[in-house]
Amino acid sequence: NNFEAVNVPKNHPARDMQDTFYLENNQVLKTHTSASQNRIMKKFGAPLKVIFPGRCFRNEELDASHENPFFQLEGMMIDKDISIANLIYFMKTMLSKMFEKDVEVRLRPGFFPFVEPGFELDCKCIYCEGDGCSVCKQSGWIELCPCGMIHKNVLEMGGIDSTVYRGFAFGLGLSRLAMMTFN
C-alpha cells in the first residue's frame, strides 16, 4: 500500500533507506497518507469523496519545518468528469474557509508517481498578501501541498475503472496548516 499500490515501483528512490524507516520484519512505517488510498478505493469504490488524516514517518534531516514523524491530511475525489478545475476550486474553497479570507492559489508542475499530471499547490502568502516576508521567503507564495489527478494505474489498482472515473488527490501537512491558522 505504501509503494506499488500508489504507483511507486521497486526501484524508485523514495524506497531507499534515507527516506523510509524499514522495520526488522521488512515492513515500513507509512511515508505518506497516500498509502491509504488503495484500501479506501477498494472498500468504497467510486464515486468517492474522502478526507482522512494520518501519521507519517520519514527519515528527514530535522529543522524548523521538518520532523521525522508528522501528520498529513489526505483528500481524494473520484467521479465521472472530474478535472483539474475541480481540484483548484476545492483547494481554493477549503483554504479560504480555513483561513477565513479569500485565498489565491496557483499550481506548479511537480512529479509524484501517484498522480498525472502532478502539481505543487501554493497559496499567496496570507501574512504579507504577496509582497514578500520572512514566512514566504520573500517570494509572496507559500508552498502548501502536492496534488494532482490520480494516476490511472492507482485507480485501476484500487479497483476503479479509469476509463469511466477520474479523480484528484492532495496531501496537506497538518502542522503547517496549524502554524498558518494560529500564527
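Let us look at the structure shown here.

What counts as what
Residues numbered from 1 in each chain as written. Predicted model: local features only at pLDDT ≥ 70, side-chain atom pairs only at ≥ 80, totals over all residues. Heavy atoms only, no water. Phe/Tyr/Trp six-rings, centres within 6.5 Å; stacked < 30°, edge-to-face > 60°. Helix = DSSP H or I, 4+ residues; strand = E, 2+ residues; numbered from the N terminus. Buried < 20%, exposed > 50% of the residue type's maximum accessible area, 1.4 Å probe, protein only.

Considering the packing of aromatic side chains
Move 1: Overall, the coordinates contain three aromatic pairs when judged by the stated rule.
Move 2: Measuring from centroid to centroid gives 5.9 Å for Phe90 and Phe168, while their planes differ by 40°, and the two rings are tilted. Separated by 78 residues along the polypeptide, Phe90 in helix α2 (residues 84-99) and Phe168 in strand β6 (residues 166-173) bring together distant segments of the chain.
Move 3: Here Phe90 and Phe170 contribute two aromatic rings whose centre-to-centre distance is 5.5 Å and whose plane-to-plane angle is 35°, an arrangement assigned as tilted. Placement of Phe90 in helix α2 and of Phe170 in strand β6 is noted, with a sequence separation of 80 residues between them.

A look at unusual backbone geometry
Move 1: Look at the link from Ala46 to Pro47: it is a cis peptide, with omega at 0°.
Move 2: Cis peptide bonds are those with omega within 30 degrees of zero, and the linkage from Glu116 to Pro117 qualifies with 0°.
Move 3: Tracing the sequence through the fold places Pro117 in strand β4 (residues 115-124).
Move 4: Unusually for a residue other than glycine, Glu100 sits at a positive phi of about 55°.
Move 5: Along the chain, the position of Glu100 falls in the loop between α2 and β3 (105-109).
Move 6: Assessed through its relative accessible area of 73%, Glu100 is described here as exposed.

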